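Summary of the model geometry
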Amino acid sequence: MNIDIVFHTPEIPGNTGNAIRLAAVTGAHLHLVEPLGFDLSDAKLRRAGLDYHDLADVTVHARLTDLWESLGERRVIAFTTHTEDSFAEVEYRDGDVLLFGRESTGLPEEVIADGHVDLRVRIPMLPSRRSLNLANSASIAVYEAWRQHGYAGAAMPASPGADPT
């Protein structure tokens, strides 16, 4: 399944490092829209991504308009707390783009309202909680999309008690 993850102006290197690992193990393409709140050579980013950097497809875009140009006519799903629509209600498609905002403020209203954004969804959580961790949110969304497509391309472990021969 072809899924793209976008972090719009991420601030914390560890989250981006974890997203690099997520991209590597799921085959997703990770896009980072500048400005970034860290240097890509940051030790925390490298430590979180460990040896997955060479296995991940990562693109850095100087501006949001550069991202839109690179994606073409793909469906963009923005993850935000400013909607009641659940991410679990979406029927994910091959080629979907999952858009996430920065850790401290989420997606700015001008990005959420951008004409390239097709759906706005949220990941449910308990009331009075501000937000989930960015890398965790991306993982939840990517794995739900992949689950809906039967984990296409994944190496699946044998069932417990199954005969390995």
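Residues numbered from 1 in each chain as written. Predicted model: local features only at pLDDT ≥ 70, side-chain atom pairs only at ≥ 80, totals over all residues. Heavy atoms only, no water.

A count of helical and extended segments in the chain gives five helices and six strands. Seen in sequence order, the chain has helices and strands lined up from the N terminus as β-α-β-α-β-α-β-β-α-β-α. Out of the 165 residues in the chain, the part that is buried amounts to 42%. Taken as a whole, the chain presents about 9,000 Å² of accessible surface, with 50% of it coming from carbon and sulfur. (Helix = DSSP H or I, 4+ residues; strand = E, 2+ residues; numbered from the N terminus. Buried < 20%, exposed > 50% of the residue type's maximum accessible area, 1.4 Å probe, protein only. Areas by Shrake-Rupley, 256 points an atom, 1.4 Å probe, with all protein chains shown as cover.)

In the numbering used here, UniProt assigns the "binding site: S-adenosyl-L-methionine" (unreviewed entry) feature to Gly101, Ile123 and Ser131. In sequence the annotated residues extend across 31 residues, while in space they remain close, none of their C-alpha pairs exceeding 13.4 Å. Within the fold, Gly101 resides in the loop between β5 (97–100) and α4 (109–112). Looking at the secondary structure, you find Ser131 in the loop between β6 (117–121) and α5 (134–148). (UniProt positions renumbered as here; feature names shortened; annotations may be inferred.)

When helix α3 (residues 64–71) is considered as a whole, its buried residues turn out to be Leu64, Leu67, Trp68 and Leu71. One side of α3 holds all its buried residues, which, seen down the axis, span an arc of 95°. (Arc of directions from axis to C-beta.)

The next subject is the nonpolar core. Ranked by internal contacts, the top residues of the largest apolar core, which has 28 residues, are Ile5, Phe7, Leu30, Phe79, Tyr92, Leu98 and Phe100. Mapped onto this core, the elements with two or more residues apiece are β1 (4–8), α1 (13–26), β2 (29–33), β4 (76–79), β5 and α5. With residues up to four places along the chain from it excluded, the contact list for Phe7 reads Asn15, Thr16, Ala19, Leu30, His31, Leu32, Val33, Phe100, Leu134, Ala135 and Ala138. (Core = buried A, V, L, I, M, F, W, Y, C linked by side-chain atoms within 4.5 Å. Contact = heavy atoms within 4.5 Å.)

Attention now goes to the packing of aromatic side chains. Going through the model one piece at a time under the given rule, you end up with four aromatic pairs. Taking the centre distance of 5.5 Å and the plane angle of 75° together, the rings of Trp146 and Tyr151 count as edge-to-face. Look at Tyr151 and you get partly exposed, because its relative accessible area is 25%. Members of the aromatic cluster, connected to one another through ring pairs, are Phe7, Phe79 and Phe100. (Phe/Tyr/Trp six-rings, centres within 6.5 Å; stacked < 30°, edge-to-face > 60°.)

For β2, the tally of buried residues reaches five of five residues, placing the bulk of the element in the interior. Strand direction decides the pairing type here: β1 and β2, joined by five bridges, are parallel. Among the inter-strand pairings, Phe7 is bridged to a residue of β2, identified as Leu32. Handedness of the crossover joining β1 and β2 through α1 is recorded here as right-handed. For β2 and strand β3 (residues 57–61), the ladder comprises five bridges, and the chain directions are parallel. Pairing of Val33 across the sheet is with His61, part of β3. (Pairing = 2+ DSSP bridges. Right-handed = clockwise from strand over helix to strand, strands pointing away.)

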